[in-house]
Amino acid sequence: INSDGTLEAVSAVTDIGDGQRTQMAMIAAEATGIPYEQTTISFEVDTAFTSDTGTTAGSRQTNSGGMGMYEAGTDARNQVLEWAAKKFVSDASRLTPPQKITVTAAELDVRKGEVFYKNDPSKKMLVRDAVQFSRGPIIGRGMHQPIPGFNRTAHYAHAAEIEVDTMSGTITVL
């Protein structure tokens, strides 16, 4: 999460025309609470900078790459909430007269690029303010590890309407 509150998703997911990279950006935006319109995804796929996400086939990237992106987004979100809690306390201490408050990340939430108190949404700040307070950027990390022994396979079925002549055994596809 950049200091201006925008989100840059970094993924080595290969897009083969089905929108996998768009999916990753959408998952990252949802997990962090930053609007999709303020989210970009790394332009190039370069495994020198990102992990190899493996093949793009059978919705594999939605499950594997998507889960890694969700974990990274959740990690970044949690960091934003921690820094926002610290900033709320710091801001209160600089008021005239100074106030002493306590707030934890668990008491906050983030949505639409704003961090707010769960019990009083009128008390809020922009995500960018929390990131700037952290002297950011904030980097979320996530890595999806398949469950040992679990084999991800794709199953499919085909159907056709047919007519069977029970006398001759002739089959006609309708």
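For the structure, check the block above.
Predicted model, so just to flag it, every value in this text is computed and none were measured. (Residues numbered from 1 in each chain as written. Predicted model: local features only at pLDDT ≥ 70, side-chain atom pairs only at ≥ 80, totals over all residues. Heavy atoms only, no water.)

**Focus: the overall build of the protein chain**
Scanning the protein chain for helices and strands turns up three helices and seven strands. Counting from the amino terminus, the protein chain carries its helices and strands in the arrangement β-α-β-α-β-β-β-α-β-β. By residue count, 33% of the 174 residues in the protein chain fall in the buried class. Within the protein chain, contacts between residues at least 6 apart in sequence are counted, and of these 59% link residues at least 24 apart. (Helix = DSSP H or I, 4+ residues; strand = E, 2+ residues; numbered from the N terminus. Buried < 20%, exposed > 50% of the residue type's maximum accessible area, 1.4 Å probe, protein only. Contact = heavy atoms within 4.5 Å.)

**As for the pattern of salt bridges**
A full pass over the atoms with the stated rule returns five salt bridges. A salt bridge links K87 to D91, with the nearest nitrogen and oxygen atoms 3.1 Å apart. Note that K87 and D91 are positioned in helix α2 (residues 60–93) at a spacing of four residues, about one turn of the helix. Residue K87 is classed as buried on the basis of its relative accessible area of 15%. Linking R94 and D91 is a salt bridge whose minimum nitrogen-to-oxygen distance equals 2.7 Å. What emerges from the salt-bridge pattern is a single network uniting R77, D109 and R111. (Salt bridge = Lys/Arg side-chain N within 4 Å of Asp/Glu carboxyl O.)

**Focus: the pairing of strand β3 (residues 108–111)**
With four bridges joining them, β3 and strand β4 (residues 114–117) adopt antiparallel strand pairing. Within the sheet, the bridge partner assigned to V110 lies in β4 and is V115. The antiparallel hairpin formed by β3 and β4 contains two residues in its connecting segment, where K112 sits at a positive phi of about 55°. (Pairing = 2+ DSSP bridges.)

**Concerning the nonpolar core**
One recurring pattern in soluble globular proteins is that nonpolar side chains are buried together. Core analysis: the largest hydrophobic core is formed by 25 residues, its most contacted members being I1, V80, F88, L108, V115 and V127. Contributions of two or more residues to this core are made by β1 (7–9), α1 (20–32), α2, β3, β4 and α3 (127–133). Excluding residues that lie within four positions of it along the chain, F88 makes contacts with I101, V103, L108, V115, Y117, K123, K124 and M125. (Core = buried A, V, L, I, M, F, W, Y, C linked by side-chain atoms within 4.5 Å.)

**Considering a nonpolar patch on the surface**
Taken together, the side chains of I162, V164, I171 and V173 make up a nonpolar region of the molecular surface, amounting to roughly 380 Å² of accessible area. By secondary structure assignment, the location of V164 is in strand β6 (residues 162–164). Residue class for V164 comes out partly exposed when judged on its relative accessible area of 46%. (Patch = residues over 30% accessible without salt bridge, like charges linked within 9 Å, V, L, I, M, F, W, Y side chains within 5 Å. Areas by Shrake-Rupley, 256 points an atom, 1.4 Å probe, with all protein chains shown as cover.)

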